[in-house]
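This is what each chain is made of:
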Amino acid sequence: MHEIGITQNVVAIVAEYANGAKVRRVLLEIGKLSAIMPDAVSFCFDVCSQNTVLEGAILEILQIPGLARCRQCGAEIPLEKPFGVCNCGSKQLDLIAGEELKIKEIEVDEVCV
Amino acid sequence: MCVTCGCSDDAEAKVSNLQTGTVMTIQPVTETHHHHTHVLPDGKVVTHSHSHEPINETHHHTHVLPDGVTHSHSHDINEVSQIHAKIHGRTISLEHEILGKNNLIAAQNRGWFKGRNILALNLVSSPGSGKTTLLTRTINDLKQQLSLSVIEGDQETTNDAEKIKDTGCKVVQVNTGSGCHLDAAMVEQGLQQLNPPLDSVVMIENVGNLVCPALFDLGEQAKVVILSVTEGEDKPIKYPYMFRASEIMILTKIDLLPYVKFDVQRCIEYAKQVNPQIQIFQVSAQTGIGLDNWYEWLSKKAISH
């Protein structure tokens, strides 16, 4: 259940950047090959954000599909798992997308007279 | 009068151009959106649009910040009259790596090891695979040739650290409490306590868990995954992240092969499928079978890392 630690990191980073302002929305980018379950992060988010400036904020998660490049023939192959076989028969694949774990953007309240 | 922003939406409003004498009547607002501009206390100008929809409907609008960034948000029209004049949502683009802090400390640890010519290995496995048994045997067999010390990770107890200590080796226990893996900061603190000598080997025995430790770089030179024949041979494809992240796999308890249903060849195929580069040693820490290959790898790695 590493998601709770990950989510605590998210809350800490966002709170630091919000600099005291109330956070309305957090957009995360989580790759499908990152071994992070978005549902678990969403579950943890409500708990971890309590009594912080993130309490009540909307959590949006953008999932990035897995993609690898074959070292042998250079083909790009969509991946559901962090391994696979290229059409050329090679298993030597370099992951080029799907391992993302980022806070893309946050929306905070701002005084606007 | 719109309570939201003070603009007029009745038919009496008009614009008079004193230069030309033109008087224009402002038509009642028939469309549901209008645009207006706010000047922030610091002088920034924010333009946004919002609707004049009937009460109780959600209202959605968009801001364009001076730097060209556009953002939009919505809120209930009821709250608008109280808060909208004062508060807007501002979107901050972060691109912040969530594990960035861990990775930074891991990089510091890696530099620390390098500066002292220390080989650090991160031993990972499921609980009960025999990491501690393999480690104590390795220490006892190699302590004349290699200077070894250990950071022992477990959720609770110092049981494993006590076993390591009995070999005469320096050991520090890190208890992670509710945590399911070691992180780079724990290793950093463990290293301060351990104070390993120059030109030595530090074995970091991670918490028994084939999932979470794969994500956390500790600053080690290599992960060593340990799998026992009392587990399923399909572990590499069930937990591919860990086997992908590891440089070598040690298949342990092979003395038990006559008594368990475990297809070694299939297990090796699965491991290679996930990680074609992975090196595999088959060993028994009880009988000593196969340990020479592991010791040879370890001794070479200690010199060449």
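Every value quoted in this text rests on a predicted model; they were computed, and no experiment measured them.

Caption draft 1: Inspection of the overall build of chain B at higher detail. A count of helical and extended segments in chain B gives nine helices and 14 strands. Every one of the 305 residues in chain B was classed for burial, and the buried ones make up 45%. For chain B, the share of sequence-separated contacts (at least 6 apart) that also reach a separation of at least 24 residues comes to 59%. When the accessible area of chain B is evaluated, it comes to approximately 14900 Å², of which 50% is carbon and sulfur surface.

Caption draft 2: Here's a closer look at the overall build of chain A. Tallying secondary structure elements over chain A gives two helices and six strands in all. For chain A, the N- to C-terminal ordering of α and β elements is α-β-α-β-β-β-β-β. For 113 residues, the compact-globule estimate of 2.2 N^0.38 gives 13 Å, and chain A exceeds it by more than 25% at 18 Å. A principal-axis box enclosing the C-alpha atoms of chain A has dimensions of 60 × 35 × 15 Å. The proportion of buried residues among the 113 residues of chain A is 50%. A separation threshold of at least 6 residues defines the contact pool for chain A, and within that pool the share at least 24 residues apart is 70%. Accessible surface, chain A: about 5600 Å² in total, of which carbon and sulfur atoms supply 51%. In chain A, 10 side chains carry a positive charge and 16 a negative one; their mean positions are 8 Å apart.

Caption draft 3: Broad picture of the interface of chain A and chain B. The interface is formed by 35 residues belonging to chain A together with 36 residues belonging to chain B. Counting each side, the surface lost to burial between chain A and chain B is near 3500 Å², with a carbon and sulfur contribution of 59%. The shortest N-O distance in the salt bridge between Glu 95 of chain B and Lys 102 of chain A comes to 3.2 Å. Sorting the residues of the side of chain A that touches chain B by element identifies helix H1 (3-18), strand E1 (23-31), strand E5 (93-97) and strand E6 (101-111) of chain A as the ones contributing at least two each. With eleven residues, the single largest contributor to the side of chain A that touches chain B is E6 of chain A.

Caption draft 4: How the structure looks around the pattern of salt bridges. All names here are of chain A. All chains considered together, the criterion is met by 17 salt bridges over all chains. Put simply, Arg 25 and Glu 107 hold a salt bridge, and the shortest N to O gap is 3.1 Å. Of the two residues, Arg 25 is situated in strand E1 and Glu 107 in strand E6; the sequence distance between them amounts to 82 residues. Judged by its relative accessible area of 14%, Arg 25 falls in the buried class. Connected via shared salt-bridge partners are Arg 25, Glu 60, Glu 105 and Glu 107.

Caption draft 5: View of the nonpolar core. Counting residues in each nonpolar core, the largest one holds 30 residues, and the members touching the most others are Val 14, Val 23, Val 26, Leu 28, Ile 103 and Ile 106 of chain A. Put simply, the parts of the chain that give this core at least two residues each are H1, E1, helix H2 (38-48) and E6 of chain A together with strand E7 (87-97) of chain B. With six residues, the top contributor of residues to this core is H1 of chain A. Apart from the residues lying within four places of it in its own chain, the contact partners of Val 26 of chain A are Val 10, Val 14, Phe 45, Leu 54, Ile 58, Leu 59, Glu 60, Ile 103, Glu 105 and Ile 106 of chain A. Counting 28 residues, the second largest nonpolar core, distinct from the first, contains Leu 119, Leu 146, Ala 222 and Tyr 295 of chain B.

Caption draft 6: Quick look at the UniProt feature "binding site: Ni(2+)" (unreviewed entry) in chain A. Residue and element names in this part refer to chain A. Per the UniProt record, "binding site: Ni(2+)" (unreviewed entry) is annotated on His 2. For His 2, the position within the fold is in the segment before H1. What makes His 2 buried here is its relative accessible area of 3%.

Caption draft 7: Representation of the packing of aromatic side chains in the model. All names here are of chain B. Under the defined criterion, the tally for this structure stands at two aromatic pairs over all chains. Ring centres 6.0 Å apart and planes at 85° place the aromatic pair Trp 112 and Phe 113 in the edge-to-face group. The exposure class of Trp 112 is partly exposed, given its relative accessible area of 25%. Measuring from centroid to centroid gives 6.0 Å for Trp 294 and Trp 297, while their planes differ by 20°, and the two rings are stacked. Note that Trp 294 and Trp 297 are positioned in helix H9 (residues 291-304) at a spacing of three residues, about one turn of the helix. Across the ring face of Trp 112, the terminal group of Arg 116 is positioned such that the distance to the ring centre comes to 3.9 Å.

Caption draft 8: How the structure looks around the pairing of strand E10 (residues 170-175) of chain B. All names here are of chain B. Bridge count for strand E9 (residues 148-154) against E10 is six bridges, and the pairing is parallel. Note that in E10 the partner of Ile 151 across the bridge is Val 172. After leaving E9, the chain enters helix H4 (residues 159-165) and then returns to the sheet as E10, a path that is right-handed.

Conventions used here
Residues numbered from 1 in each chain as written. Chains lettered and ligands numbered in written order. Predicted model: local features only at pLDDT ≥ 70, side-chain atom pairs only at ≥ 80, totals over all residues. Heavy atoms only, no water. Helix = DSSP H or I, 4+ residues; strand = E, 2+ residues; numbered from the N terminus. Buried < 20%, exposed > 50% of the residue type's maximum accessible area, 1.4 Å probe, protein only. Contact = heavy atoms within 4.5 Å. Areas by Shrake-Rupley, 256 points an atom, 1.4 Å probe, with all protein chains shown as cover. Rg over C-alpha atoms; globule rule 2.2 N^0.38 Å. Lys, Arg positive; Asp, Glu negative; His and termini not counted. Charge placed at Lys NZ, Arg CZ, Asp CG, Glu CD. Buried area = accessible area lost by both parts, 1.4 Å probe. Salt bridge = Lys/Arg side-chain N within 4 Å of Asp/Glu carboxyl O. Core = buried A, V, L, I, M, F, W, Y, C linked by side-chain atoms within 4.5 Å. UniProt positions renumbered as here; feature names shortened; annotations may be inferred. Phe/Tyr/Trp six-rings, centres within 6.5 Å; stacked < 30°, edge-to-face > 60°. Lys NZ or Arg CZ within 6 Å of the ring centre and 35° of its normal. Pairing = 2+ DSSP bridges. Right-handed = clockwise from strand over helix to strand, strands pointing away.

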